[in-house]
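# A closer look at the structure
Chain by chain, the residues:
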Amino acid sequence: IWAWGFNPADDPALLFPETKSISLIKENAARCRLNATNGILYPNSATVFGLYDVRGYEPLGLRRYSELVKAINESNGVTAGWEAVVSPASIASPVMNMMNVCRVVSLMELDIRGIEKTSGGPVAIFRCSGALPRAMFYSNWRVVPKPGKTPGLLVSNSFDPSAVVFLEKPPP
């Protein structure tokens, strides 16, 4: 009760107006995640519009997610931490398909295999053709008893996220 009235009563539409680009993303990306480059839609800001952003921001990072981001960095030659998820080099990674990324938003043109431009203007919107569903059933798995080895396997060129899942121990 001490914080009653603390939050402003402003209309969210005044603080976060829905632009034409946001409307296009919303109508085409309802069941998947987006990835934005060049400082567009800072992590978590897309949630205001009901969109899911692969980047997210949580000051208490999950160890395994951090290990995966580090592996993406190393495989793409990116040296900074979270830039791996938003760098153009990472967009073509099978990890983005595994993470259900179906839209990329960018201020620059991207010529990357597996994505096609669907909208232009000041903000370009691209469709990723390989995005997998958020949940899947697998009949093919591989046991990787050392979790620290899994991120390297996920970013390898031979990894197909639609065909195999990695487990730490055999299923019951």
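### Describing the pairing of strand β3 (residues 101-106)
Where burial is concerned, most of β3 is hidden: 6 out of the 6 residues are buried. Two elements, strand β1 (residues 33-36) and β3, share 4 bridges in a ladder whose sense is parallel. Bridging from a neighbouring strand, A36 pairs with V105 of β3. Where β3 meets strand β5 (residues 124-128), 4 bridges bridge the pair, whose relative direction is antiparallel. The residue bridging S106 from the neighbouring strand is A124, located in β5.

### Examining the sheet that holds strand β2 (residues 52-53)
Spatial ordering of the open sheet is given by β2-β1-β3-β5-β4, a layout of 5 strands whose pairing is mixed. Edge positions in the open sheet fall to β2 and β4 (115-119), since each of these has one partner strand only. Looking at chain direction, β4 and β5 are connected through 4 bridges and run antiparallel. Residue I115 lies in a different strand from β5, and its bridge partner there is C128.

### Points about a nonpolar patch on the surface
A contiguous nonpolar surface patch, about 270 Å² in accessible area, is contributed by L15, F16 and V48. Accessibility expressed as a relative area gives 38% for F16, which makes it partly exposed.

### Details of the layout of surface pockets
When its volume is computed, the largest pocket comes out at roughly 490 Å³. Lining the largest pocket are 24 residues; nearest its centre among them are M98, T150, L154, V165 and F166. Of all the secondary-structure elements, those providing two or more residues to the lining of the largest pocket are α3 (63-76), α7 (150-154) and β7 (165-167). Here the lining of the largest pocket gets 4 residues from one element, more than from any other, and that element is α3. Residue composition of the lining of the largest pocket, by class: 18 nonpolar, 1 polar and 5 charged. Reported here for the second largest pocket is a volume of approximately 350 Å³. Surrounding the second largest pocket, 18 residues form its lining, A92, S93, P94, N97 and R113 being those nearest its centre.

### Re the state of the cysteines
Applying the stated criterion to the full structure yields 1 disulfide. Note on cysteine connectivity: C32 is disulfide-linked to C102, with sulfurs 1.6 Å apart. One end of the pair, C32, is in the loop between α2 (20-28) and β1; the other, C102, is in strand β3, with 70 residues separating them in the sequence. Classification of C32 as buried rests on a relative accessible area of 8%. Among the residues examined, C102 registers a relative accessible area of 8% and is labelled buried. With no disulfide partner, C128 has as its closest neighbouring cysteine sulfur the one in C102, 7.0 Å distant.

Rules of the game
Residues numbered from 1 in each chain as written. Predicted model: local features only at pLDDT ≥ 70, side-chain atom pairs only at ≥ 80, totals over all residues. Heavy atoms only, no water. Buried < 20%, exposed > 50% of the residue type's maximum accessible area, 1.4 Å probe, protein only. Helix = DSSP H or I, 4+ residues; strand = E, 2+ residues; numbered from the N terminus. Pairing = 2+ DSSP bridges. Patch = residues over 30% accessible without salt bridge, like charges linked within 9 Å, V, L, I, M, F, W, Y side chains within 5 Å. Areas by Shrake-Rupley, 256 points an atom, 1.4 Å probe, with all protein chains shown as cover. Salt bridge = Lys/Arg side-chain N within 4 Å of Asp/Glu carboxyl O. 1 Å grid on protein atoms, 1.4 Å probe; cavity = no way out; pocket = protein on both sides within 12 Å on 5 of 7 lines; lining within 4 Å. Points joined across faces, edges and corners; volume = space filled by probe spheres on them. Nonpolar A, V, L, I, M, F, W, Y, C, P; charged D, E, K, R; others polar. Disulfide = S-S within 2.5 Å.

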